[in-house]
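# Chains, contacts and geometry: an overview
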Amino acid sequence: MDNSYILRHVDHTLLAATASFADIDKLCAEAARFNTASVCVPPCYVEYIKAKFEVTVCTVIGFPLGYDVTAAKLAAARAALDGGADEIDMVVNLTDVKNGAFDRVSAEIAALKNAAGSRILKVIVETCCLEEPEKIAMCKAVTGGGADYIKTSTGFGAGGAVLSDVELFKAHIGPDVKIKASGGIRTREAMTALLEAGCSRIGTSSAIKLLCAT
């Protein structure tokens, strides 16, 4: 697996609350130069990037805790999409997950996918907060809600992507759902292992630094 293949599957990520215009410019220039799948950025930078760079723009909704009401997530998603976002990474409502309200979770996902239309929706389930039966239930909720991806982690929780979760997802998601791993992915070996395990995307801020001489 060569470096260019890995980079084509990377969402080059910068979600720090203190990210500056200079930081965003550097991120996008790197993404364009090394042909990453996208940049993943705060919603406030979507319009700025679309006006300045030719890169695929992913942004986050309900981030990082996920417990905004659905109407707030929808408003945020529509604003991001109107601003030019190509992909949306939403955080599920973990209070609903913990309450076993998986129909509500699936309905929220469906509402966000309806808003996104043909644009990609990834659903962050924050695996470090879930027990195995909840992870399996989330595979079903993500599939039922029509999302394009299930995503392991925000990177802001107590844990990140692990191979066992990717393998579990692969066994329980529907045939049209892909997997994104994110959170704590800081080595080439980890990226390679996750892609080989079945991930279609890797969310990390480390790929360019690890794989490229900038």
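Definitions and limits used
Counting restarts for each chain, with residues numbered from 1 along the sequence as it is written. A pLDDT threshold of at least 70 governs which residues receive local features in this predicted model, and a stricter bar of 80 or more applies before side-chain atom pairs are shown or counted, although totals over entire chains, interfaces and linings include all residues. Side-chain metrics in this entry use all non-hydrogen atoms of the structure; hydrogen atoms and water are not considered. Each axis is a line fitted through C-alpha atoms, and for a helix only the stretch in contact is used; angles between axes span 0 to 180 degrees, taken between their N-to-C directions. Helix and strand definitions follow DSSP, with helices as H or I runs of at least four residues and strands as E runs of at least two, each counted in order from the N terminus. The labels follow the angle: roughly parallel below 35 degrees, roughly antiparallel above 145, roughly perpendicular from 65 to 115, and oblique for the rest. Put simply, a crossing is left-handed when the front helix is turned counterclockwise from the back one by less than a right angle, and right-handed when it is turned clockwise. Only heavy atoms enter the contact rule, under which two residues are in contact if any of them lie within 4.5 Å. All amino acids are sorted into three groups, where Ala, Val, Leu, Ile, Met, Phe, Trp, Tyr, Cys and Pro are nonpolar, Asp, Glu, Lys and Arg are charged, and the leftover types, Gly among them, are polar. Buried means the residue's accessible area, taken with a 1.4 Å probe over protein chains only, is under 20% of the maximum for its type, while exposed means over 50%, and partly exposed covers the values in between. Whether a crossover is right-handed comes down to one check: with the strands pointing away from the viewer, does the path from the first strand over the helix to the second run clockwise; if it does, it is right-handed. Here the rule is simple: two strands pair whenever DSSP picks up at least two bridges between them.

### A word on the packing of helix H4 (residues 70–82) against helix H6 (residues 102–116)
For the pair H4 and H6, interaxial distance at closest approach is 10 Å and the crossing angle is 20°. Comparing their axes, H6 and H4 come out roughly parallel. H6 is crossed by H4, and the crossing has right-handed handedness. Note on element contacts: H6 touches H4 through Glu108, Ala111, Leu112, Ala115 and Ala116, opposite Thr70, Lys73, Leu74, Ala77, Arg78 and Leu81. Across the contact of H4 with H6, the residue classes tally to seven nonpolar, one polar and three charged.

### Overview of the pairing of strand E2 (residues 38–41)
Alternating positions in E2 separate into two faces, Ser38 and Cys40 on one and Val39 and Val41 on the other, with burial throughout. Note that the unit made of strand E1 (residues 10–13), helix H2 (residues 21–34) and E2 has a crossover that is right-handed. Note: E2 against strand E3 (residues 57–61), three bridges, orientation parallel. Its bridge partner being in E3, Val41 is matched across the sheet by Thr59. Traced from E2 through helix H3 (residues 46–52) to E3, the parallel crossover comes out right-handed.

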